[in-house]
Amino acid sequence: MSTDSFYGAAAFENAKILAGRIDIKQRLQLAIARSRLRKNPLALLFIDLDRFNTITATLGPEFGQQFLDITTDRLNHALQGDHQLMHLGSDEYAVLIEGVDNASQLRQLGNRLLNVINKPVFIEQQELITTASIGISVYPNKADNEQALLHQAITALQQAKTVGGDSVKFFTRNNANNASLRHLNLEIELRHAIARKDLTVHYQPKMDLATGHVTAIEALVRWKHDTLGWISPNEFIPIAENAGLISDVGEMVLETACRHGTKWMEEGIPGVKIAINLSAKQLIRQDMLAQIKRILKRTGFPANQLIVELTESLLIDALDKTAATLASLRDMGIEVAIDDFGTGYSTFKLLKRVPVDILKIDQMFISDLSDNPADKAIAKAIIDVAHALHMRVVAEGVESKAHLTTLQELGCDSIQGFYLSEALPRTGISKLLREGIPGITKQRTNADIEETKRKIAEQQKQRLVSA
Ligand code: C2E
Ligand code: MG
Ligand code: MG
């Protein structure tokens, strides 16, 4: 059964997702009613492909659709009409299994479906392979209504993603305790937000203290939910990491930022560096470097204007695995920054082991900077050590003129914080880059811009020579 025949003429992703969600609830209600009546158990398998968004991002939505059609056919064939397969939209499927609650039988079925999905797909001579994750919940074992059955299957799916995908997990009380209802809802909503392209990118300026110019901006992901309002990245980035969605979020942020960056250069605002945040799960993915190279090539944004920010704790945890990746990034001309510096334990030791270009002093040392001598001493120590190791220093969370003055005295290179501006959407930051921040930053003259262009060209030439 193809997705099209399943949904009639439903052509749009949104309509499909909506249809899928309504459909699964109704079908679950009916199946539960039947199960009660016949005293038969009921199991729900929730299936999600692990790499589908990479396929569509790389090869386009038409390839993606063909890939899904083939996967749907294969799943239907594997189920041989015994069980109901529901395509919930995008790369999510659910299977309802009536009359079976035997764990080993369910696991066997789950593994069979994984094998079917794992087989290569050929479209126009292109070989595509993806794995999938499956979460299983059982009625009336742990769940007693359709909502619980669905949430528990998604919680189990999340566990399958957490172990790296390509696996089958059952719902257990343990994973339920870890996940609040909001968390679960946000995960479901985040999947749809990604599919609907609801996530956006805002940019916060960084000012160079020596020249007073805005020379860099940090890309920060933003999500405004229809009913829940703005959701902080501090809340949804960890959810994205655990649900196997971080690569999709990261790819969107990088692609958007590079596209905007190239546009600014074309509009005569050259030389602005763009920093993006990378999380641990992204950094250890094997295809991350290829992903960055692909996006830089596609958007035409110069590698030497890109900065990646990595948190200190991430670097400590994954030092051995990431050393080669960091070196490759720097070989490409990308600068590496340590974010939230000072919040981990092995702070200064880390600096000796990880070659980085920029240190960002965490905002917790900045908020009391002007009144608290201890914070000032720490900020000074960080700045001095960083300079001795030829790194530049950015202070985060600068909220007042007093912060700025103190950091200037301490020899800090750049500042970022609400004193300059919060993160702004593209149009707001375009204006700010063109006109500066009245009373705070200096507007760049044509001569400054020419000088920046010259420096960039020089840097690029040097890199070409040394490559
Ligand atoms: P971060 O990278 O340290 O980003 C700085 C955070 O501090 C931002 O919060 C920013 O809005 C906030 N901030 C900036 N200036 C000030 C200030 O003067 N005072 C105070 N109190 N806060 C200030 P936001 O946007 O909520 O992001 C939170 C964290 O989420 C980021 O911390 C970063 O770790 C993560 N994040 C954001 N976007 C992305 C992304 O695209 N990918 C990944 N992996 N993580 C992201
Ligand atoms: Mg950051
Ligand atoms: Mg930070």
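Conventions adopted
- Residues numbered from 1 in each chain as written.
- Chains lettered and ligands numbered in written order.
- Predicted model: local features only at pLDDT ≥ 70, side-chain atom pairs only at ≥ 80, totals over all residues.
- Heavy atoms only, no water.
- Helix = DSSP H or I, 4+ residues; strand = E, 2+ residues; numbered from the N terminus.
- Contact = heavy atoms within 4.5 Å.
- Areas by Shrake-Rupley, 256 points an atom, 1.4 Å probe, with all protein chains shown as cover.
- Pairing = 2+ DSSP bridges.
- Axes fitted to C-alpha atoms, helices over the stretch in contact; angles between N-to-C directions.
- Donors = N, O, S within 2.8 Å, 3.2 Å for Na, K, Ca; no water.
- Buried < 20%, exposed > 50% of the residue type's maximum accessible area, 1.4 Å probe, protein only.
- Parallel < 35°, antiparallel > 145°, perpendicular 65-115°, else oblique.
- Left-handed = near helix turned anticlockwise from the far one by under 90°.
- Nonpolar A, V, L, I, M, F, W, Y, C, P; charged D, E, K, R; others polar.
- pLDDT = per-residue confidence, 0-100.
- Near = heavy atom within 4 Å.
- Polar contact = N/O pair within 3.5 Å; in protein donor to acceptor, adjacent residues only side chain to side chain.
- Salt bridge = Lys/Arg side-chain N within 4 Å of Asp/Glu carboxyl O.
- Core = buried A, V, L, I, M, F, W, Y, C linked by side-chain atoms within 4.5 Å.

A. The overall build of the protein chain, seen in detail. Looking only at helices and strands, the protein chain has 19 helices and 16 strands in total. In the protein chain, 70% of the contacts between residues at least 6 apart in sequence involve partners at least 24 apart. Carbon and sulfur atoms make up 52% of the accessible area of the protein chain, which amounts to about 21800 Å² in all.

B. Region of the structure containing the sheet that holds strand S7 (residues 167–170). Here five strands make up an open sheet; going across it, the order is S2-S3-S1-S6-S7 and the pairing mixed. Every other strand in the sheet has two partners, leaving strand S2 (84–89) and S7 as the edge strands with one partner each. Taken over all neighbouring pairs, the strand axes of this sheet differ in orientation by 20 degrees on average, direction set aside. Bridge count between strand S1 (residues 42–49) and strand S6 (residues 132–139): eight bridges; the pairing is antiparallel. The residue bridging Ile 47 from the neighbouring strand is Ile 134, located in S6. Each of S1, S6 and S7 touches helix H6 (residues 146–162); the most contacted strand, S6, lies at about 145 degrees to it.

C. Region of the structure containing the coordination of the magnesium ion (ligand 3). Those protein atoms acting as donors to the magnesium ion (ligand 3) are Asp 339 (OD), Asp 340 (OD), Glu 396 (OE) and Glu 396 (OE), and they sit at 2.0 to 2.6 Å. The sequence pattern describing where the donors of the magnesium ion (ligand 3) fall on their chain is D-D-x55-E. Metal-to-metal, the separation of the magnesium ion (ligand 3) and the magnesium ion (ligand 2) is 4.1 Å; Asp 339 coordinates the two. Placement of Asp 339 in strand S13 (residues 335–341) and of Glu 396 in the loop between strand S15 (392–395) and helix H17 (401–410) is noted, with a sequence separation of 57 residues between them. Under the relative-accessibility criterion, Asp 339 is labelled buried at 5%.

D. Layout of the packing of helix H10 (residues 246–266) against helix H12 (residues 288–299). The contact between H10 and H12 brings their axes to 9 Å, and the two run at 30 degrees. Taken as axis vectors, H10 and H12 run roughly parallel relative to one another. Considering only the axes of H10 and H12, their crossing is right-handed. Counted together, Ser 247, Glu 251, Leu 254, Glu 255, Cys 258, Arg 259 and Thr 262 of H10 and Gln 291, Ile 292, Arg 294, Ile 295, Leu 296, Arg 298 and Thr 299 of H12 form the full contact between these two elements. Of the residues assigned to the contact of H10 with H12, the class counts are five nonpolar, four polar and five charged.

E. Spatial organisation of the confidence of the model for the protein chain. Taken residue by residue, the protein chain gives an average pLDDT of 84. The fraction at 70 or more is 88%. Of all secondary-structure elements in the protein chain, the lowest mean pLDDT belongs to helix H1 (residues 3–6), at 29, while strand S16 (residues 414–416) reaches the highest, 98. Throughout residues 1–19 the model reports pLDDT below 50, and contacts reaching past four residues in sequence, or to other chains, amount to 33 contacts.

F. Molecular detail of the site of ligand 1. Surveying the vicinity of ligand 1 reveals 22 residues, the closest of which are Arg 222, Asn 277, Asp 339, Glu 399 and Phe 418. Contact distances for ligand 1 include 2.8 Å between an oxygen atom and a side-chain N or O atom of Arg 222. With respect to ligand 1, the side chain of Glu 399 contributes an N or O atom lying 2.5 Å from a nitrogen atom. Taken by itself ligand 1 offers 800 Å² of open surface, and the protein chains cover 84% of this. Those elements that place two or more of their residues in the shell around ligand 1 are strand S9 (214–225), helix H9 (233–242) and S13. Sort the elements by how many residues they give to the shell around ligand 1 and S9 lands first, with four residues. Here the shell around ligand 1 is built from residues that sort into seven nonpolar, eight polar and seven charged.

G. Spotlight on the pattern of salt bridges. If you walk through the whole model with that rule in mind, you get 21 salt bridges. Measuring nitrogen to oxygen at the nearest pair gives 2.6 Å for the salt bridge that ties Arg 34 to Glu 98. In this pair, Arg 34 is assigned in helix H2 (residues 13–38) and Glu 98 in strand S3 (residues 92–98), connecting sequence segments 64 residues apart. On the basis of relative accessibility, which here comes to 26%, the residue Arg 34 falls in the partly exposed class.

H. Structural detail: the coordination of the magnesium ion (ligand 2). At the metal site, the magnesium ion (ligand 2) is ligated by Glu 218 (OE), Asn 277 (OD1), Glu 309 (OE) and Asp 339 (OD), and these contacts range over 2.1 to 2.2 Å. Along the chain, the residues donating to the magnesium ion (ligand 2) are arranged with the sequence spacing E-x58-N-x31-E-x29-D. The class for Glu 309 is buried, based on a relative accessible area of 1%.

I. Just the pairing of S2, in detail. The buried count for S2 comes to five of six residues, which makes it a mostly enclosed element. Pairing of S2 with S3 involves five bridges; the strand directions are antiparallel. The residue of S3 that forms the bridge with Gly 89 is Glu 92.

J. Molecular detail of the nonpolar core. Membership of the largest hydrophobic core comes to 80 residues, with the highest contact counts inside it found for Leu 190, Ile 217, Ile 276, Leu 329, Leu 407 and Ile 415. Filtering out sequence-adjacent residues up to four positions away, Ile 276 remains in contact with Ala 219, Val 253, Leu 254, Ala 257, Leu 306, Ile 307, Val 308 and Glu 309. Phe 67, Leu 128, Ile 136 and Val 138 belong to the second largest nonpolar core, which has 32 residues in total.

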